[in-house]
Number of protein chains: 2
Amino acid sequence: MIQPSILPGFMELLPEEQAEFDALRASIEAVFRTYGFWSLDTPAIEKNEVLFAKGGGETTKQIYRIEKGEHSTEQSLRFDLTVPLARYVAQHAGELAFPFHRYQIAKVYRGERAQKGRYREFYQCDIDIVGREVLGISNDAEILRVIDQALTSLQLDGHVFHLNHRRLLNGYLRHLKVDDVASVLQILDKKEKIGAQKTAVLWSELGLSEVQIQSLLEFIEPTASMEEKKIRLQKYAESMTDMQAKEEYSQGLTELMMVLDELQLYGVPSERVTIDLAITRGLDYYTGIVFETFLMAAPNLGSICSGGRYEDLASNFSKEKFPGVGMSIGLTRLYSYLREREKEKEPYIEAIVLPMTEEEKGYAIRVAEQLRAAGLRTLLYLEAGKFKKKMTYANRVQARFALIVGEEEMKNNMVSVKNLLDGEQETLALESWLSRR
Amino acid sequence: MIQPSILPGFMELLPEEQAEFDALRASIEAVFRTYGFWSLDTPAIEKNEVLFAKGGGETTKQIYRIEKGEHSTEQSLRFDLTVPLARYVAQHAGELAFPFHRYQIAKVYRGERAQKGRYREFYQCDIDIVGREVLGISNDAEILRVIDQALTSLQLDGHVFHLNHRRLLNGYLRHLKVDDVASVLQILDKKEKIGAQKTAVLWSELGLSEVQIQSLLEFIEPTASMEEKKIRLQKYAESMTDMQAKEEYSQGLTELMMVLDELQLYGVPSERVTIDLAITRGLDYYTGIVFETFLMAAPNLGSICSGGRYEDLASNFSKEKFPGVGMSIGLTRLYSYLREREKEKEPYIEAIVLPMTEEEKGYAIRVAEQLRAAGLRTLLYLEAGKFKKKMTYANRVQARFALIVGEEEMKNNMVSVKNLLDGEQETLALESWLSRR
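1. Describing the overall build of chain A
1) Next: Secondary structure summary: chain A contains 16 helices and 16 strands in total.
2) Next: If one aligns the C-alpha atoms of chain A with their principal axes, the spans along those axes are about 90 × 60 × 45 Å.
3) Next: Of the contacts made within chain A by residues no fewer than 6 positions apart, 67% connect residues no fewer than 24 positions apart.
4) Next: Within chain A, one finds 55 positive and 65 negative side-chain charges whose respective centroids are separated by 3 Å.

2. Concerning the sheet that holds strand β11 (residues 324–329) of chain A
Residues and elements named next belong to chain A.
1) Next: One open sheet accounts for eight strands, arranged β1-β5-β6-β11-β10-β9-β7-β8; its pairing is mixed. Of all the strands in the sheet, the pair left with one neighbour each is β1 (38–39) and β8 (273–275).
2) Next: Across seven bridges, the pairing between strand β7 (residues 159–165) and strand β9 (residues 286–295) is antiparallel. Within β9, the position partnered with Phe161 by the bridge is Thr293.
3) Next: Taken strand by strand, helix α12 (residues 331–340) contacts β5 (100–109), β6 (121–130), β9 and β11, and its axis lies near 120° from that of β6.

3. Notes on the relation of the copies chain A and chain B
1) Next: For the pair chain A and chain B, the best superposition has an RMSD of 0.0 Å and corresponds to a rotation of 180° with a translation of 0.0 Å parallel to the axis. Interpreted geometrically, this transformation is the action of a two-fold axis. Identified as the residue of chain A closest to the rotation axis by C-alpha distance is A:Ile66, at 2.4 Å.
2) Next: In this assembly the copies share their binding face: 100% of the residues contributing to the interface of chain A also contribute to that of chain B.

4. Quick look at the interface of chain A and chain B
1) Next: The interface of chain A with chain B comprises 96 residues on the first partner and 96 residues on the second.
2) Next: When chain A packs against chain B, the two sides together hide about 8700 Å² of surface, and 56% of this comes from carbon and sulfur.
3) Next: In this structure, the connection of chain A to chain B is made through ten salt bridges.
4) Next: Here A:Glu12 and B:Arg87 are joined by a salt bridge, their closest N and O atoms 2.7 Å apart.
5) Next: At the boundary of chain A and chain B, one finds 45 residue pairs in polar contact (both at pLDDT 80 or more).
6) Next: Looking at the side of chain A that touches chain B, the element that brings in the most residues is helix α1 (residues 15–34) of chain A, giving seven residues.
7) Next: In terms of residue class, the side of chain A that touches chain B is made up of 48 nonpolar, 23 polar and 25 charged.
8) Next: Here three bridges tie strand β3 (residues 65–67) of chain A to strand β3 (residues 65–67) of chain B, and the two strands are oriented antiparallel to one another. Bridge pairing links A:Ile66 to B:Ile66 in β3(B).

5. So, the pairing of β7(A)
Residue and element names in this part refer to chain A.
1) Next: Burial analysis of β7 places seven of its seven residues in the buried class, which makes it a mostly covered element.
2) Next: In β7, alternate side chains face the same way, and those of His159, Phe161, Leu163 and His165 on one face and Val160, His162 and Asn164 on the other are all buried.
3) Next: As paired elements, β7 and β8 share three bridges and run parallel to each other. Within β8, the residue paired with His162 across the bridge is Thr274.

6. Things to note about the pattern of salt bridges
1) Next: Across all of its chains, the model carries 42 salt bridges over all chains by this definition.
2) Next: For A:Asp148, the salt bridge goes to A:Arg272, with nearest N and O atoms at 2.7 Å. Placement of A:Asp148 in helix α5 (residues 138–153) and of A:Arg272 in the loop between α11 (243–265) and β8 is noted, with a sequence separation of 124 residues between them. Like A:Asp148, the residue A:Arg272 is buried in the burial classification.
3) Next: Here B:Asp140 ties to B:Arg309 by a salt bridge, and the two come within 2.6 Å at their closest N and O atoms. A residue pair is termed long-range when its members are at least 10 positions apart, and B:Asp140 in helix α5 (residues 138–153) and B:Arg309 in strand β10 (residues 305–310) qualify at 169 residues.
4) Next: If you follow the salt bridges from partner to partner, you end up with A:Glu142, A:Arg145, A:Asp148, A:Arg272, B:Glu369 and B:Arg372 in one network.

7. Things to note about the confidence of the model for chain A
1) Next: When pLDDT is averaged along chain A, the result is 93; 97% of the residues meet or exceed 70.
2) Next: Averaged over each element, pLDDT in chain A is lowest for helix α3 (residues 58–62) of chain A (76) and highest for β1(A) (98).

Criteria and thresholds
Residues numbered from 1 in each chain as written. Chains lettered and ligands numbered in written order. Predicted model: local features only at pLDDT ≥ 70, side-chain atom pairs only at ≥ 80, totals over all residues. Heavy atoms only, no water. Helix = DSSP H or I, 4+ residues; strand = E, 2+ residues; numbered from the N terminus. Contact = heavy atoms within 4.5 Å. Lys, Arg positive; Asp, Glu negative; His and termini not counted. Charge placed at Lys NZ, Arg CZ, Asp CG, Glu CD. Pairing = 2+ DSSP bridges. Axes fitted to C-alpha atoms, helices over the stretch in contact; angles between N-to-C directions. Least-squares fit on C-alpha atoms with pLDDT ≥ 70 in both. Buried area = accessible area lost by both parts, 1.4 Å probe. Salt bridge = Lys/Arg side-chain N within 4 Å of Asp/Glu carboxyl O. Polar contact = N/O pair within 3.5 Å; in protein donor to acceptor, adjacent residues only side chain to side chain. Nonpolar A, V, L, I, M, F, W, Y, C, P; charged D, E, K, R; others polar. Buried < 20%, exposed > 50% of the residue type's maximum accessible area, 1.4 Å probe, protein only. pLDDT = per-residue confidence, 0-100.

Next comes the structure, spelled out in structure tokens:
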């Protein structure tokens, strides 16, 4: 006898939980599709040369390698959905229409040290618009709008997009005559975690002067209103004397303003968007707009959805340039949050049909089939046993309604409908009950 | 530069194909859910001790093993969805309501030699009802009904269930005083492929007498009508003198008849069901009803969906008995067939909005958002460029309708709708067009 168990760091849900997860996923997916995004389903296993085209780095340690015969290609499970997208776009460029709108919701694998809330197999939920050579800035706004709609569909009681543009930071750092931009940003990326004071210390250790540090901290300091921010951002531009810095900064500012304007055209409420100059994200990848998304009801959850604009998706696989904009929802983490919310849950089983005895089987089948034809998720309980056992089962699967059919009901072509939430029961024709819903 | 490619034996679809595959899958899944089946999503990686609890056999050679650090549990990718189900049921028995209705549509991995139509990563689409200690025969009929509805939803122009019962064969073989039942059935399992003559030769080599072979071939010979079959099956029972053989055979016959009767109660047309005594299926696993499913339009495709009743799902993981009935649709193969059918295909992109110039961007966004709110999958094309380029894109993504908005349209609050199938174009208010659909 083998002990039935799964590997540590893997998530597996009970049926009721899985139904919730599925509903979450379906809700998001429906929005992606409404915006005309195509779904992709790339293999979970890829060649190592593809997965590590960028060089690997940290990820190589976490990779799930596949053991195969000596002569076969080295292969591993994917650790994200971006590398497969890059490979796909480069491989099938001739067969795709650009801009290419795609989403992929799939599991990825990372052999991280097991700890609470960290999984080794988890869902990524990615959406990207990829252009060939060029891609208009309108797409950045569209991506944000899609997410805005997706999150709205989940009834999360409000979310806020924190937007930044990499060129704003880069331009300002150039203006401050900071050399080691990458290291400065790497430290900034951790500011949320380590605090402003520690950030300043690390910058100082890096060789930044007191003036540089103070200017930077001031620059990224959040201010009250969007209008204030816009004015301040404009003032910075005017104060710059280094032409290169000014140009870079201004380009970033212009694009950011375009995206903000376009979000208004989409009708995204202004309270759902803010500028946050402290956001950096994936240093070597993003080149334009970057953003993170926070829930108003759970700011401490961290960003549930992040992304941005990149200049060249598939530089490792193609000489062509594929600029794009995309983002990723942390689906597993979002689910963990939603699971713990106290909210009335929609029952998965909408109806269960319980014949009193074997005699009513045929009638019960007809009733169940009618419910199913009407689109209700309906279980039919045909096991032998006492009625009490049947009701226990109905409650166990958390059905919304139990439709009880006994001799009387069958004779009169009726059903006894019991509301399992409040216990109310009534006997009526099935059609009457269905028409009332 | 790395050549972008995937591993041999893996399937990857272009966006339009993927949309078709998704529609196929969604159609089947919707039926499963309507019948109150819960979805499961078990980890793709399981412990080797779980995967090989049965001993392994053939599958161990095809397994995708995961390479991990020395001290970690040996683990591999799943090769089917049945072992994970068995493990899940045994592990979570205390938290499940029995009968437990579950479906799982997910990828499985087998390192088979690459050949046309054989994939190393492919979808299995499994549905099972699992009981605890007992499970009524009604469930066998329900499983068939669910598949009947699922296949009907795919508009496959008709399918036929070929039903058998393992006890019919077993009882008859006992009646014939055949000893090595397993070997006889193993050969019978290949009859479809090798023909009756070769089957007879192999049986003869196994030591069966001429009489035994002739009786067996006669027994499994298909006859014209269902009525004829029933009469013949009844006659066999009457002719049996070995009491044990007769009992086993009769039990099988009774259950088979019960399932046939119940399918009638469900309204499954009789031409979609036939008795086929040559069907054996998974010798060491199935113990009752077994079946395969053939398409009337493509009998040579082979069975697209097979399954049956088993006595004990999780004997390797639990002392408790979990009898069940289930089946599996060969989704990847079914898709391959559907892909090649000449059928009018539903376009994935239902509408694309094309503003003539940058001036109409805001108006175009409003139009697109209205279409999306109305539930139409809608792309919005906001790239710069000539109108011809925009129309080329619209045709490239195979959109159903292009909604063109220029200066005039915007001024009059109208849209020009071009039907991209027949080229017809008209200018009207968006609401009018939407209300007409």
